[in-house]
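Here are the chains, one letter per residue:
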Amino acid sequence: MDAFYYIDKPTGITSFQVLREMRKILWVKKFGHSGTLDPLATGGLLVAVGAYTKLIPYVEKDSKRYHATIMLDGSSPSFDSDTEISFLSWEKQKYFQNSLSLQDIEILFQRHFFWNISQVPPKYSALKIDGKRALDRTLAGEEIEMKTREVEIFSYKIESFHYPELRVELNVSAGTYIRSIAHDLGALLWTWGYLSALRRTWVWQLDVSSLVWLNELDETKILDIAKIFWDRMYEYKDETLYKRLSEWQRVRGDFSFPEQQDIFLTDGQGIRFVVEYKNGVIHPRKKIL
């Protein structure tokens, strides 16, 4: 089986556990996904199966959209509610309830959480440090230093604010930690902050309408590959061409393909090759099927 699935990840389990459950259901060994979701989070997990795992690099760097619920009444080591929360005193919470305004938050988002920003990922994360997850090192009691990384916030929309709860929609680059945004916003407001809910609603031009519940998954719930790679796929039915590409030969000819970019050649049944066409020559890049 070579396919993509778009899974609505339930809360409380890791992305790896989703793949493990899929393996039991589909009886396929090879899996990969385009971006980890934390156990707290729900929503779109784009999963490749079989030979199509070779195509993951073409989708894992794309932007993603989230609906986040940020609480501004405490903090936690993981920057979310999956670890113990230290709450502000009741007096401080009453103060912020009376003094903190939506305009205050809007100003900070515009200044600090829009376009190119720097953030420090949580220590409770799957990021690798010398080959080992930061989470595992942290739980083992190691002192680790998380390096600052550059990410992008393409757009944001504050949906509601009633202290201590802030709800916001964020369209961000791959690798952005919404938990870090919650933590950093709380630090700027002096309220502290952590994430209490997160839902991914957009991956690689796929919205929630294409999602499949994990408990309803079977081999028929595959995602139409054209929904993902509509701008890269070109149908070409010529076994002579595919034979030459399989032998890693360049093929010269007058083809109606865009030049100097990776394109996917399909025979109508599946993606056979990733190639580049330039100066009248097809260059094989990666064999898929």
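Residues numbered from 1 in each chain as written. Predicted model: local features only at pLDDT ≥ 70, side-chain atom pairs only at ≥ 80, totals over all residues. Heavy atoms only, no water.

1. Observations concerning the overall build of the protein chain
Stage number 1. If you tally the helices and strands in the protein chain, you get seven helices and 18 strands.
Stage number 2. Buried residues in the protein chain amount to 48% of all 289 residues.
Stage number 3. In the protein chain, of all internal contacts separated by at least 6 residues, the share reaching a separation of at least 24 is 67%.
Stage number 4. Of the charged side chains in the protein chain, 38 are positive and 39 negative, and the gap between their average positions amounts to 5 Å. (Helix = DSSP H or I, 4+ residues; strand = E, 2+ residues; numbered from the N terminus. Buried < 20%, exposed > 50% of the residue type's maximum accessible area, 1.4 Å probe, protein only. Contact = heavy atoms within 4.5 Å. Lys, Arg positive; Asp, Glu negative; His and termini not counted. Charge placed at Lys NZ, Arg CZ, Asp CG, Glu CD.)

2. Considering the sheet that holds strand β14 (residues 233-235)
Through backbone hydrogen bonds, the strands of a sheet pair up, either in parallel or in antiparallel fashion.
Stage number 1. The sheet built from five strands is open, its strands ordered β14-β16-β17-β18-β15 with mixed pairing. Two strands bound the open sheet, and with one partner strand each, they are β14 and β15 (251-252).
Stage number 2. Two elements, β14 and strand β16 (residues 262-266), share three bridges in a ladder whose sense is parallel. Bridge pairing in β16 links Glu235 to Thr266.
Stage number 3. Sitting on the sheet, helix α7 (residues 239-246) touches β15, β16, β17 (271-278) and β18 (281-287), and the angle it makes with β17 is about 80°. (Pairing = 2+ DSSP bridges. Axes fitted to C-alpha atoms, helices over the stretch in contact; angles between N-to-C directions.)

3. With respect to the packing of aromatic side chains
Stage number 1. Using the criterion set out here, one finds 17 aromatic pairs in the structure.
Stage number 2. Consider the rings of Tyr58 and Phe264, whose centres lie 5.1 Å apart with planes at 80°: the pair is edge-to-face. A residue pair is termed long-range when its members are at least 10 positions apart, and Tyr58 in the loop between β3 (42-49) and β4 (64-71) and Phe264 in strand β16 qualify at 206 residues. Assigned by exposure class, Tyr58 and Phe264 land together as buried.
Stage number 3. Here Tyr236 and Phe255 contribute two aromatic rings whose centre-to-centre distance is 5.6 Å and whose plane-to-plane angle is 70°, an arrangement assigned as edge-to-face. Taken together, the positions of Tyr236 in the loop between β14 and α7 and Phe255 in the loop between β15 and β16 put the pair 19 residues apart, joining distant regions of the chain.
Stage number 4. Given a relative accessible area of 14%, Phe255 falls into the buried group. (Phe/Tyr/Trp six-rings, centres within 6.5 Å; stacked < 30°, edge-to-face > 60°.)

4. Here's the deal with the nonpolar core
Stage number 1. In terms of nonpolar packing, the biggest core is built from 47 residues, with Met22, Leu72, Phe109, Leu170 and Ile178 touching the most fellow members.
Stage number 2. Apart from the residues lying within four places of it in its own chain, the contact partners of Met22 are Tyr5, Ile7, Trp27, Phe31, Val47, Leu214 and Leu217.
Stage number 3. One finds Trp204, Leu223, Ile271 and Val274 within the second-largest nonpolar core, a separate group that totals 22 residues. (Core = buried A, V, L, I, M, F, W, Y, C linked by side-chain atoms within 4.5 Å.)

5. Quick notes on the packing of helix α3 (residues 102-112) against helix α5 (residues 178-189)
Stage number 1. It is at 11 Å that the axes of α3 and α5 come closest, and there the two elements cross at 120°. With respect to each other, α3 and α5 are oriented oblique. Taken as a pair, α3 and α5 cross one another with a handedness that is right-handed. Residue-level inspection shows Ile105, Leu108, Phe109 and His112 of α3 in contact with α5, the latter providing Leu185, Leu188 and Leu189.
Stage number 2. Partitioning the contact of α3 with α5 into residue classes produces six nonpolar, one polar and no charged. (Parallel < 35°, antiparallel > 145°, perpendicular 65-115°, else oblique. Left-handed = near helix turned anticlockwise from the far one by under 90°. Nonpolar A, V, L, I, M, F, W, Y, C, P; charged D, E, K, R; others polar.)

6. Section: unusual backbone geometry
Stage number 1. Omega for the bond connecting Tyr163 with Pro164 falls within 30 degrees of zero, at 10°, which places this linkage in the cis form.
Stage number 2. Residue position: Pro164 is located in the loop between β10 (149-162) and β11 (165-172).
Stage number 3. Of note, Trp27 is a non-glycine position whose phi angle comes to about 60°, a positive value.
Stage number 4. In this structure, Trp27 sits in the loop between α1 (15-26) and β2 (31-33).
Stage number 5. Positive phi, normally seen in glycine, also occurs at Asp130, with a value near 55°.
Stage number 6. Tracing the sequence through the fold places Asp130 in the loop between β8 (128-129) and β9 (132-133).
Stage number 7. Among the residues examined, Asp130 registers a relative accessible area of 74% and is labelled exposed.

7. Overview of the pattern of salt bridges
Stage number 1. Using the criterion set out here, one finds 13 salt bridges in the structure.
Stage number 2. For Asp8, the salt bridge goes to Arg199, with nearest N and O atoms at 2.8 Å. Here the residue Asp8 occupies a position in strand β1 (residues 3-9), and Arg199 occupies one in strand β12 (residues 194-203), the gap between them amounting to 191 residues.
Stage number 3. Overall, the relative accessible area of 27% leaves Arg199 in the partly exposed class.
Stage number 4. Of the charged contacts in the structure, one is a salt bridge between Glu165 and Arg167, with a shortest N-O distance of 3.1 Å.
Stage number 5. Given the relative accessible area of 40%, Arg167 is considered partly exposed.
Stage number 6. What emerges from the salt-bridge pattern is a single network uniting Asp38, Asp80 and Arg179. (Salt bridge = Lys/Arg side-chain N within 4 Å of Asp/Glu carboxyl O.)

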